[in-house]
Amino acid sequence: MCGSRGRCGKQEAVAGRSCRTVGNPGANDRDNRPLGKRGAFCIVARMFVDECVVKLQAGDGGRGCISFRREKYEPWGGPNGGDGGRGGDVVLLGDDDTNNLVDYKYQPHWRAERGEHGLGSDQHGKDGAPRLLKMPLGTVVIDEATGKPVAELIEDGQRIVLCKGGNGGWGNTHFKTSTNRAPKRANPGQPGEGGTFRLVLKSIADVGLVGFPNAGKSSLTGQITKARPRTAAYPFTTLHPQIGVIEYRDEVKGHRRLLLADVPGLIEGASENRGLGHRFLKHIERCALLLILVDMAGTDARDPRDDYKNLLRELELYDRTLLKKPRVVVANKMDVPEAKEHLAKFKRRYKTVDVLEISCLTGDGLDRLKKELLKRVTALRGREKVSRKTAA
Ligand SMILES: Nc1nc2c(ncn2[C@@H]2O[C@H](COP(=O)(O)OP(=O)(O)OP(=O)(O)O)[C@@H](O)[C@H]2O)c(=O)[nH]1
Ligand SMILES: [Mg+2]
């Protein structure tokens, strides 16, 4: 969590670890200070890691013990070697409060405790403590040896035992038989499982926000969710995805919420690594609905019609299936006088596309957009459940 919690209002951002930033243009000048003047902890907290490699090792089982009972007046006390303890597992825990893999990037080696060895007098070794690793929801674990996904964390509190600890070895008491009353053998503990794994975070959100830089994605996120991503009039203000929660309070149907993922801007040629490239598009792969935000003001002499075409092209180049996802096209900056003309031209070219008009500056159209998002996502999620049942 951000070290300056109270000061920067970090608790409002669900993901992205951003400190409180400008929701409305110019609203909070303190946060426009250069990074170096905000305190070192904030700078570290801004780092966003969504992919890293870790080496995990479960604990080995403890050795079984060879021991014999020796007491006064007990000449044939018999074997009393205890068993070794079980090695601890490496357990992944889905955690809603974690949204970044930065902890694992700089500390990639994790090991669970080994089991203690067995002792005489039938004392069993203590089991090793498991190693609990908190993972952000949406983390996919890929085994580096096979290249195949082996686990995926999608629910808060979900536990996955990724590497099992080794069993403890039997002490010599277990080997006592009618013919062998004094066995001199015990088992060694079994080694714990281990491996090298790639962790890939693919955020889980209902709606993925896609647009050119400066289209107003973060302004929209700031307006309709509780997150406060930084907004400014220069491209690539947002450098990593931010997840915001859209809240709906309904007296009859109860409290509802949708997650909105604001991903960094896409530009033409992103597939060739221009701008920030395609690297963050994995965060919209799981969204039910894509929100394509078009800057109708034509900022920087751009043509909104070309923006829309280029956005779809970049999505297609990243993954064709993204184009099959349902999408809602939203025209932003409708408060700017030229926007009306641009919108008319846009509608003439894309006759079948339904466009929702909004302005993040004046707030026009935002309520309608929120309702539309809820309606569509509810319908889509319902359909997903039905198709999953049919597949089963
Ligand atoms: N006039 C007007 N300006 C807007 C509106 N929405 C956003 N802006 C301005 O557009 C600029 C860019 O807004 P951002 O929200 O940072 O845009 P973004 O899409 O998140 O940009 P990147 O993070 O760089 O990709 C800011 O200066 C905003 O004040 C709007 O509806 N009307
Ligand atoms: Mg932004």
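Here is what the cut-offs are and how they apply
Residues numbered from 1 in each chain as written. Chains lettered and ligands numbered in written order. Predicted model: local features only at pLDDT ≥ 70, side-chain atom pairs only at ≥ 80, totals over all residues. Heavy atoms only, no water. Pairing = 2+ DSSP bridges. Helix = DSSP H or I, 4+ residues; strand = E, 2+ residues; numbered from the N terminus. Axes fitted to C-alpha atoms, helices over the stretch in contact; angles between N-to-C directions. Near = heavy atom within 4 Å. Polar contact = N/O pair within 3.5 Å; in protein donor to acceptor, adjacent residues only side chain to side chain. Areas by Shrake-Rupley, 256 points an atom, 1.4 Å probe, with all protein chains shown as cover. Nonpolar A, V, L, I, M, F, W, Y, C, P; charged D, E, K, R; others polar. Core = buried A, V, L, I, M, F, W, Y, C linked by side-chain atoms within 4.5 Å. Buried < 20%, exposed > 50% of the residue type's maximum accessible area, 1.4 Å probe, protein only. Contact = heavy atoms within 4.5 Å. Salt bridge = Lys/Arg side-chain N within 4 Å of Asp/Glu carboxyl O. Expected span 1.5 Å × (residues − 1). Phe/Tyr/Trp six-rings, centres within 6.5 Å; stacked < 30°, edge-to-face > 60°. Lys NZ or Arg CZ within 6 Å of the ring centre and 35° of its normal.

Asks: When you look at the sheet that holds strand β5 (residues 139-143) in this model, what are you seeing that I'm missing?
Replies: Sheet strands line up and pair through hydrogen bonds in the backbone, either parallel or antiparallel. With mixed pairing, five strands are arranged side by side in an open sheet as β3-β1-β8-β5-β6. Each edge of the sheet is formed by a strand with only one pairing partner; in this case those strands are β3 (109-111) and β6 (149-153). Direction aside, the axes of adjacent strands within the sheet are offset by 25° on average. For β5 and β6, the ladder comprises four bridges, and the chain directions are antiparallel. By the bridge assignment, V141 is partnered in β6 with A151.

Asks: Explain the site of ligand 1 to me, please; I cannot follow it from the model alone.
Replies: Of all residues adjacent to ligand 1, which total 25 residues, the nearest are K217, S218, S219, F236 and C360. At 2.7 Å, a backbone N or O of F236 approaches an oxygen atom of ligand 1. Here D335 contributes a side-chain N or O atom positioned 2.8 Å from a nitrogen atom of ligand 1. Isolated, ligand 1 exposes 650 Å² of accessible area, and the fraction of that covered by the protein chains is 91%. Ranked by the residues each element gives to the shell around ligand 1, the list is headed by helix α4 (residues 217-224), at three residues. When its residues are assigned to classes, the shell around ligand 1 shows 12 nonpolar, 10 polar and three charged.

Asks: So what exactly am I meant to see when it comes to the nonpolar core here?
Replies: One broad trend across soluble globular proteins is that nonpolar side chains are buried collectively. Ranked by size, the top nonpolar core spans 31 residues in total, and within it I284, I292, M296, Y308, L315 and F346 carry the most contacts. Those elements giving two or more residues to this core turn out to be β10 (242-248), β11 (256-262), β12 (289-295), α5 (304-318), β13 (327-332) and α7 (338-349). Sorting elements by how many residues they give to this core places α5 first, with four residues. If sequence neighbours within four positions are ignored, F346 has contacts with V294, M296, P304, R305, Y308, V329 and V355.

Asks: For this particular structure, what's the right way to read the pattern of salt bridges?
Replies: Side-chain pairs of opposite charge can arise whenever the charged atoms involved come near each other. This structure, assessed with the given rule, holds 19 salt bridges. A single network of salt bridges, built from pairs that share partners, joins D50, E51, E144, R198 and K282.

Asks: I would appreciate a short explanation of the sheet that holds β12 in the present structure.
Replies: With respect to topology, six strands assemble into an open sheet ordered β10-β11-β9-β12-β13-β14, the strand pairing being mixed. The two strands at the open ends of the sheet, each matched to only one other strand, are β10 and β14 (355-357). Strand-to-strand twist in this sheet, taken as the mean axis angle between neighbours without regard to direction, amounts to 30°. Relative to β12, strand β9 (residues 207-211) runs parallel, the two being bridged by five bridges. Following the sheet pairing, L209 is matched in β12 by L291. Contacts from α7 reach β12, β13 and β14 within the one sheet, and its direction differs from that of β14 by about 170°.

Asks: Looking at this structure, how should I read the environment of D122?
Replies: Turning to its location among the elements, D122 is positioned in the loop between β3 and β4 (131-136). The exposure class assigned to D122 is partly exposed, which follows from its relative accessible area of 41%. The spacing of D122 and N80 is 42 residues in sequence and 4.9 Å in space, taken between C-alpha atoms. Setting aside chain neighbours within four positions, we find D122 in contact with N80, G81, G82 and T173. A distance of 3.2 Å separates a polar atom in the side chain of D122 from a polar atom in the side chain of T173.

Asks: Which parts of the structure should I look at to understand α7?
Replies: The terminal C-alpha atoms of α7, which comprises 12 residues, lie 17 Å apart, in line with the 16 Å expected from a rise of 1.5 Å per residue. Turning to α7, the residues buried within the fold contact β12, α5, β13 and β14.

Asks: How should the packing of aromatic side chains be read in this particular structure?
Replies: The relative placement of two aromatic rings is captured by the distance of their centres and the angle of their planes. Summed over all chains, the structure comprises five aromatic pairs. For the pair Y308 and Y350, a centre-to-centre distance of 4.9 Å together with 75° between the ring planes defines the contact as edge-to-face. Of this pair, Y308 sits in helix α5 while Y350 sits in the loop between α7 and β14; the two residues are 42 residues apart in sequence, bridging distant segments of the chain. With relative accessibility at 16%, the residue Y350 sits in the buried group. Considering the side-chain rings of F346 and Y350, the 4.9 Å spacing of their centres and the 45° angle between planes classify their relative orientation as tilted. Grouping residues by exposure puts F346 and Y350 together as buried. An aromatic cluster is defined as three or more aromatic residues linked by ring pairs; in this entry it consists of Y308, F346 and Y350. We note K370 situated over the ring of Y248; from NZ or CZ to the ring centre the distance is 5.7 Å.

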